[in-house]
Every structure is written in structure tokens, then in C-alpha cells.
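# Architecture and fold: a report
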Amino acid sequence: MLNDTLRDGLEKYRIGAKIRGLRSAKGLGLAQLGDHTGLSAGMLSKIERGTVFPTLPTLLRISLVFGVGLDHFFADGEVPVLEVIRKKDRIKLPDTTDRSPAFMFESLDFPVNDRPNHAFLAEFQPRARPTDAHEHEGVEFIYLISGKIKVDVHNEEHDLDAGDSMYFDARYPHSYQGRGDGKSQALVVVTQSVE
């Protein structure tokens, strides 16, 4: 019996759907595939529907029928990207090693590899110093959830209030600063390159 973590991990690979796709492409019925693999049609049906996960020797038997390797069932290109990041699993980090950071941030998508975007929840301290001006390839999008912040882009200041959003070319120097009496929260999405 698989626990929920193992079941969730295996479901991402869609092994049953891949077997069904290979079988359909060859025009084989479940009984015919069973004759080639030594598995019953009922067991193959359960595997294809995802109610049972095959062992590696069973999966190897099936893969030999179709002339594919085991990697066919586990290749990254075949796995849909989907991650749920729980609030309790995020880590709040300062923007700098200074004793009084301008803002704290939490990555909202850290487990996803090779992602084109990076999403952060930023919390700006009231009346803190502005962040150091920086620039990088790509663009940034900011949505201010609460409070007030100032964004300086290419020596032009922009005041944002809760509910405001901003999109800008990040190749120009930009910095942030919390404004007002309370903390401010923003969703920040950084895209490293634009085609």
C-alpha cells in the first residue's frame, strides 16, 4: 500500500496514460497486450487507469513490447510541471545581510527547476532605506497587496498604493522602498529573459 506522498509522486509521471497511449498507437487491445506481457487484461486496465502502479520489472516487460526504455515513462519532458508550495514550507529571507533589511522575501515557486519566471512575496518595512539599485535581464511585474511602496526605475520615482501594479524592463537600474506607517506586501514576478 502506497502512502499519499508516494502516490502523488508517481501520479505526476502519468505512467498508466503513457501505457494506454503506446497500446492505442499499436492498435493492441488489453487482452493482446496481456498475451505479450503475461499480465491479465484486468491488471493492465488498473495500471492504465492509475489505480495500480506497476513494479519496475512489470513496467520493463511492458516497455519491451513497445520497444521503449524505462526512461520513456520517467522522462522530464513527459511530466507536466505542477508544484504546490505550502505557506509553512516557505522561508522568509532578507534582501541583504545588513542588520536592517529594506524588505524580506519568500520564494513562491522554489521547487520548480528551470522556470522562466521567479515569483516572490515581498514584505517592505516602513521607513526603511531604499534597496540598492540593481539591474538584470528580463522584466519585473509588481502587484502591491497592501501598504505603500516607492519604485525607482531608471531615475524615475513611482508611488504604488495597495491594488496598484507595475511592469517594467529590468535592464535599467531599479530599487524599492517601503512607504507609510505600516509594512507593505507585494507580489513580485521576475522573468529573466524575454524573447
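Residues numbered from 1 in each chain as written. Predicted model: local features only at pLDDT ≥ 70, side-chain atom pairs only at ≥ 80, totals over all residues. Heavy atoms only, no water.

Let's shift gears to the sheet that holds strand E1 (residues 93-94). The strand order across the open sheet formed by six strands is E1-E2-E3-E9-E4-E7, and the pairing between neighbours is antiparallel. A single partner strand is all that each edge strand has here, and the edge strands are E1 and strand E7 (165-169). (Pairing = 2+ DSSP bridges. Helix = DSSP H or I, 4+ residues; strand = E, 2+ residues; numbered from the N terminus.)

Moving on: the pattern of salt bridges. Throughout the structure, instances matching the rule amount to nine salt bridges. When the shortest N-O distance is used, the salt bridge between Glu48 and Arg23 registers 2.6 Å. Highlighted residues: Glu48 in helix H4 (residues 41-49) and Arg23 in helix H2 (residues 15-26), separated in sequence by 25 residues. On the basis of relative accessible area, Glu48 is assigned to the buried category, the value being 6%. What makes Arg23 buried here is its relative accessible area of 12%. Note that Lys183 and Glu123 form a salt bridge whose closest N and O atoms lie 3.6 Å from each other. Within this pair, whereas Lys183 is found in the loop between strand E8 (174-179) and strand E9 (184-191), its partner Glu123 is found in strand E3 (residues 117-124), the two being separated by 60 residues in sequence. A relative accessible area of 13% means that Glu123 is categorised as buried. (Salt bridge = Lys/Arg side-chain N within 4 Å of Asp/Glu carboxyl O. Buried < 20%, exposed > 50% of the residue type's maximum accessible area, 1.4 Å probe, protein only.)

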